[in-house]
Amino acid sequence: MPTPAPDDVARAAQLLRSGGVVAFPTETVYGLGADALNPQAVGQIFAIKRRPPNHPLIVHLPDVSYLKDWARDIPRAAYVLAEKFWPGPLTLILQRAARVPDQVTGGQDSVGLRVPGHPLALALLKEFGGAIAAPSANRFGHVSPTRAEHVREELGGEVDMILDGGPCQVGLESTIVSLLEARPLILRPGAVSRGMLAEALGDEVEVATAEKVTLRAPGMLASHYAPRTPLHKVPAAALEQRAAALLAQGQRVGVLARQAGKQKSGLYYYLLPDDPKAYAHELYDTLHKADARGLDTLLIEDPPQDEVWWAVRDRIMRAAT
Ligand code: TXA
Ligand code: MG
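Cut-offs used in this document
- Per chain, the residues get numbers from 1 upward, laid out in the order the sequence is written.
- Chains and ligands are labelled sequentially in the order written, the chains with letters from A and the ligands with numbers from 1.
- Since the coordinates come from a predicted model, pLDDT governs what is reported: local features require at least 70, and pairs of side-chain atoms require 80 or more to be given and counted, while whole-chain, interface and lining totals use all residues.
- With hydrogens and water excluded, all non-hydrogen atoms of the structure serve as input to the side-chain values.
- Only protein atoms enter the 1 Å grid used here, on which a cavity is any set of points holding a 1.4 Å probe that cannot leave and a pocket is any open set flanked by protein within 12 Å on both sides along at least five of seven lines; residues with an atom within 4 Å of a point are listed as lining.
- Grid points are joined across faces, edges and corners, and a volume is the space filled by probe spheres set on the points.
- Going along the chain from the N terminus, every DSSP run of H or I of four or more residues is numbered as a helix, and every run of E of two or more is numbered as a strand.
- Three classes are used, and their members are as follows: Ala, Val, Leu, Ile, Met, Phe, Trp, Tyr, Cys and Pro are nonpolar, Asp, Glu, Lys and Arg are charged, and the others, Gly among them, are polar.
- In a helix, the anticipated span is given by 1.5 Å times the number of residues less one.
- Whether two residues are in contact is decided by their heavy atoms, any of which lying within 4.5 Å being enough.
- Polar contact is the term for a pair of N or O atoms within 3.5 Å; when the atoms are in protein, one must be able to donate a hydrogen and the other to accept it, and sequence-neighboring residues count only if both atoms are side-chain atoms.
- Among the buried residues, those of types Ala, Val, Leu, Ile, Met, Phe, Trp, Tyr and Cys that are joined through side-chain atoms within 4.5 Å form a nonpolar core.
- Between buried and exposed lies partly exposed: a residue is buried under 20% and exposed over 50% of the maximum accessible area for its type, with that area taken using a 1.4 Å probe on protein chains only.
- As used here, the arc belongs to the directions running from the helix axis to the C-beta atoms.
- Only the stretch in contact is used when fitting a helix axis, every axis being a line fitted to C-alpha atoms; angles between N-to-C directions are given from 0 to 180 degrees.
- An angle counts as roughly parallel when it lies under 35 degrees, as roughly antiparallel when it exceeds 145, as roughly perpendicular when it falls between 65 and 115, and as oblique in every other case.
- Handedness of a crossing follows from how the near helix is turned relative to the far one, being left-handed for an anticlockwise turn of less than a right angle and right-handed for a clockwise one.
- Residues are classed as near a molecule or strand on a simple rule: at least one heavy atom within 4 Å of it.
- Computed by Shrake-Rupley with a 1.4 Å probe, the accessible areas treat only the displayed protein chains as cover when residues are assessed.
- Should more than half of a molecule's atoms lie within 2 Å of a pocket's or cavity's grid points, that molecule is taken to sit in it.
- Only one rule defines a salt bridge in this text: a Lys or Arg side-chain nitrogen within 4 Å of an Asp or Glu carboxyl oxygen.
- In this scheme, strands are said to pair when DSSP sees at least two bridges between them.

Help me understand the layout of surface pockets in this model?
Space left empty within the atom packing is revealed by a probe, the size of a water molecule, rolled over the atoms. For the largest pocket, the calculated volume is near 520 Å³. Looking at the largest pocket, it is lined by 23 residues, and the ones nearest its centre are Gly-190, Ala-191, Val-192, Lys-277 and Val-308. Of all the secondary-structure elements, those providing two or more residues to the lining of the largest pocket are helix H8 (194-201), helix H11 (276-292) and helix H12 (310-319). Each residue belonging to the lining of the largest pocket can be placed in one class, and the counts come to 16 nonpolar, 3 polar and 4 charged.

Would you mind showing me how to read H11 here?
The α-helix advances 3.6 residues per turn, and as a result positions three or four apart in sequence lie on the same side. Taking 1.5 Å per residue, 17 residues should reach 24 Å; H11 reaches 24 Å between its end C-alpha atoms and fits that length. Where H11 is buried, its residues contact helix H7 (148-155), strand E11 (231-234), strand E12 (253-257), strand E13 (267-271), strand E14 (297-301) and H12. Near the N-terminus of H11, the side chain that reaches the backbone nitrogen of Lys-277, with its oxygen 3.2 Å away, is that of Asp-275.

Which parts of the structure should I look at to understand the nonpolar core?
Proteins that are soluble and globular tend to have nonpolar side chains buried together. Grouped together as the largest cluster of nonpolar side chains are 46 residues, with contacts concentrated most on Leu-32, Val-59, Leu-90, Leu-92, Leu-113 and Leu-197. Secondary structure elements with two or more residues in this core: strand E2 (31-35), helix H2 (39-49), helix H3 (67-70), helix H4 (76-85), strand E4 (90-95), strand E5 (110-114) and H7. Among the elements that take part in this core, H2 stands out by supplying 5 residues, more than any other. Excluding anything up to four places from it in sequence, Val-59 contacts Ala-36, Trp-70, Val-104, Val-111, Gly-112, Leu-113, Arg-114, Ala-131, Ile-132 and Ala-133. Counting residues in hydrophobic clusters, the runner-up holds 23 residues, among them Tyr-270, Tyr-284, Leu-287 and Ile-316.

Is there a simple way to explain helix H6 (residues 119-128) in this structure?
Residues Leu-120, Ala-121, Leu-124, Leu-125 and Phe-128 constitute the buried set of H6. Viewed along the axis of H6, the buried residues span an arc of 135°, placing them on a single side of the element. What points out from H6, more than 90 degrees from its buried face, is the exposed set Pro-119 and Lys-126. Each element contacted by the buried residues of H6 is listed here: helix H1 (6-17), strand E1 (22-24), E2, strand E3 (58-60) and strand E6 (132-133). Where H6 ends, the next residue or the one after it, Gly-129, has phi of about 75°, a positive value.

In this structure, what is going on with the packing of H4 against H8? I would like to understand it.
For any two helices packed against each other, one specifies the crossing angle of their axes together with the interaxial distance. Taken N-terminus to C-terminus, the directions of H4 and H8 make an angle of 120°; their axes are 10 Å apart at the nearest point. For the element pair H4 / H8, the angle class is oblique. As H4 packs across H8, the resulting crossing turns out to be right-handed. Residues Ala-77, Val-80, Leu-81, Lys-84 and Phe-85 of H4 lie in contact with H8, whose contacting residues are Met-196, Leu-197, Ala-200 and Leu-201. Residues belonging to the contact of H4 with H8 are distributed by class as follows: 8 nonpolar, no polar and 1 charged.

Help me understand the site of ligand 1, please; the structure alone is not making it clear to me.
Every one of the 24 residues lining ligand 1 counts as a neighbour, but Thr-28, Arg-51, His-60, Ser-174 and Arg-188 are closest to it. Contact between ligand 1 and Thr-28: an oxygen atom at 2.6 Å from a side-chain N or O atom of the residue. Separating an oxygen atom of ligand 1 from a side-chain N or O atom of Arg-51 is a distance of 2.9 Å. Burial of ligand 1 by the surrounding chains reaches 97%, relative to a free accessible area of 670 Å². Its atoms largely coinciding with the cavity grid, ligand 1 occupies the largest cavity. Considering every element that reaches the shell around ligand 1, the biggest residue donor is E5, with 4 residues.

Please explain the pattern of salt bridges as it appears in this structure.
As a working rule, side chains carrying opposite charge can pair if their charged atoms are close by. Evaluated as defined, the whole model comprises 18 salt bridges. In this structure, Glu-27 engages Arg-114 in a salt bridge whose closest nitrogen and oxygen atoms are separated by 2.9 Å. With Glu-27 in the loop between E1 and E2 and Arg-114 in strand E5, this pair connects stretches of sequence that are 87 residues apart. Taking the relative accessible area as the measure of exposure, Glu-27 reaches 5% and is therefore buried. Exposure remark for Arg-114: the relative accessible area of 2% places this residue in the buried category. In this structure, Arg-228 and Glu-154 form a salt bridge, with 3.5 Å as the shortest nitrogen-oxygen distance.

Can you help me understand the sheet that holds strand E7 (residues 161-162) in this one?
Paired through backbone hydrogen bonds, the strands of a sheet run either parallel or antiparallel to each other. Judged by pairing direction, the sheet is mixed, and its 10 strands sit side by side in the order E7-E1-E2-E6-E3-E5-E4-E8-E9-E10 without closing on themselves. A single partner strand is all that each edge strand has here, and the edge strands are E7 and strand E10 (206-207). Looking at chain direction, E3 and E6 are connected through 2 bridges and run antiparallel. Its bridge partner lying in E6, His-60 is registered against Ile-132.

I would appreciate a short explanation of empty space enclosed by the protein in the present structure.
This model, assessed by the stated rule, comprises 1 cavity of 30 Å³ or more. Size it by volume and the largest cavity reaches roughly 590 Å³. Sorting the residues of the lining of the largest cavity by element identifies E3, helix H5 (102-105), E5 and strand E9 (185-188) as the ones contributing at least two each. Tallying contributions element by element places E5 first for the lining of the largest cavity, with 4 residues. Of the residues contributing to the lining of the largest cavity, the split by class is 17 nonpolar, 17 polar and 6 charged.

As structure tokens, then:
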């Protein structure tokens, strides 16, 4: 990991204090951060991302002691999960405290909170001494950045600073769990799995259905995490045939799969790992690379159905056209 000078963290915190927007690494993806108590600075995030104003942001906290300042009527389960998984890739949806600006929550009465696990994110939060509102540092609907270069390429001219913390370890956005219902409800799968949550809570955890998600988080179902090149999800056994048909039409085609097939002119293979964690770590970087080549079509192998592939499958489903 590139080690930014301590000055960089101090400068980033200073920029946040003066209402600036700073991109910073987390263990999941890079975030586009602003002072969560400064509505104008938060407004800048929406402008840079071109994100609809009703789409709420996640508030990043320095540690669990800040929870009571940002949420109210906090259930015991929140503390159990925070104790077990923070700092880490888990976002909790709770009733918002009165101080949380409407701009952050998209006007909803709830707020998403997490303590990120990346040392540089924690250093920044500590130095800043408050909460940082941050969505992923990409344009609305596009693939999330897992390297500082991804942010530089897409938003470089518009942010006040990019803190480079190297490639993100997890590579997919945090698990989002709503604690607003009788039972915890997963709104977005991530590295903290359903099983891990259930074990920590000693209780079943529900999974949001499409309808529930639409109500709660507008945009979560819209085309999301998508590259600019049309991407199609194809069963492994049909990949070669689909690619051949597109090549026959004169297209240049990228194939993202866990195994390479026969080399042909106009066909580009991007190999992804067999292990789901390693796959998650590489997926967005591979999508960025394949997208940058300016091909006509990308085909991605349909990942396995097992629970351990759930978060990966979810992102591929949303990214595919
Ligand atoms: O890993 C992550 O969570 C990254 C890093 C930067 O922390 N952040 C991230 O933010 O993925 P973003 O904005 O790209 O996605 C945040 C998701 C959105 O789908 C949003 O709808 C949901 O969190 N969300 C935020 N507040 C919510 C709330 N009060 N109720 C329901 N969903 C909420
Ligand atoms: Mg995002």
